[in-house]
Amino acid sequence: MDAIQQHMLDTYRAAQLAEPAPPPPGRHDRTTLRDLYRHWLTHPPTRRTGPSGKPSPSGV
């Protein structure tokens with residue numbers, strides 16, 4: 001089931017229960033990506049070192 005089908009199902013259920021409809025999928029994507037980008041700018045990633053003192057290949 002993709003996001004559109006899930007949204008349609010949630011909208012139908014909300015209508016049956018007389019509840020407000022859920023927001024459409026992707027509505028907050030731009031805001032989330034902007035906030036993530038700003039976080040990266042203010043908190044740049046750092047390389048972690050393993051127990052041996054050498055950086056791991058993945059940086060994690």
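Q: Tell me about the environment of Gly 26, and name the residues and values.
A: Within the secondary structure, Gly 26 is located in the loop between α1 (3-16) and α2 (29-42). Residue Gly 26 is classed as partly exposed on the basis of its relative accessible area of 43%.

Q: Provide a residue-level description of unusual backbone geometry, including the pertinent values.
A: Of all residues except glycine, most have a negative phi; of all peptide bonds, most are trans. The backbone of Ala 18 sits at a positive phi, close to 55°, despite the residue not being glycine. Here Ala 18 lies in the loop between α1 and α2. Relative accessible area serves as the criterion here: at 73%, Ala 18 is assigned to the exposed category.

Reading the values: the criteria
- Residues numbered from 1 in each chain as written.
- Predicted model: local features only at pLDDT ≥ 70, side-chain atom pairs only at ≥ 80, totals over all residues.
- Heavy atoms only, no water.
- Helix = DSSP H or I, 4+ residues; strand = E, 2+ residues; numbered from the N terminus.
- Buried < 20%, exposed > 50% of the residue type's maximum accessible area, 1.4 Å probe, protein only.

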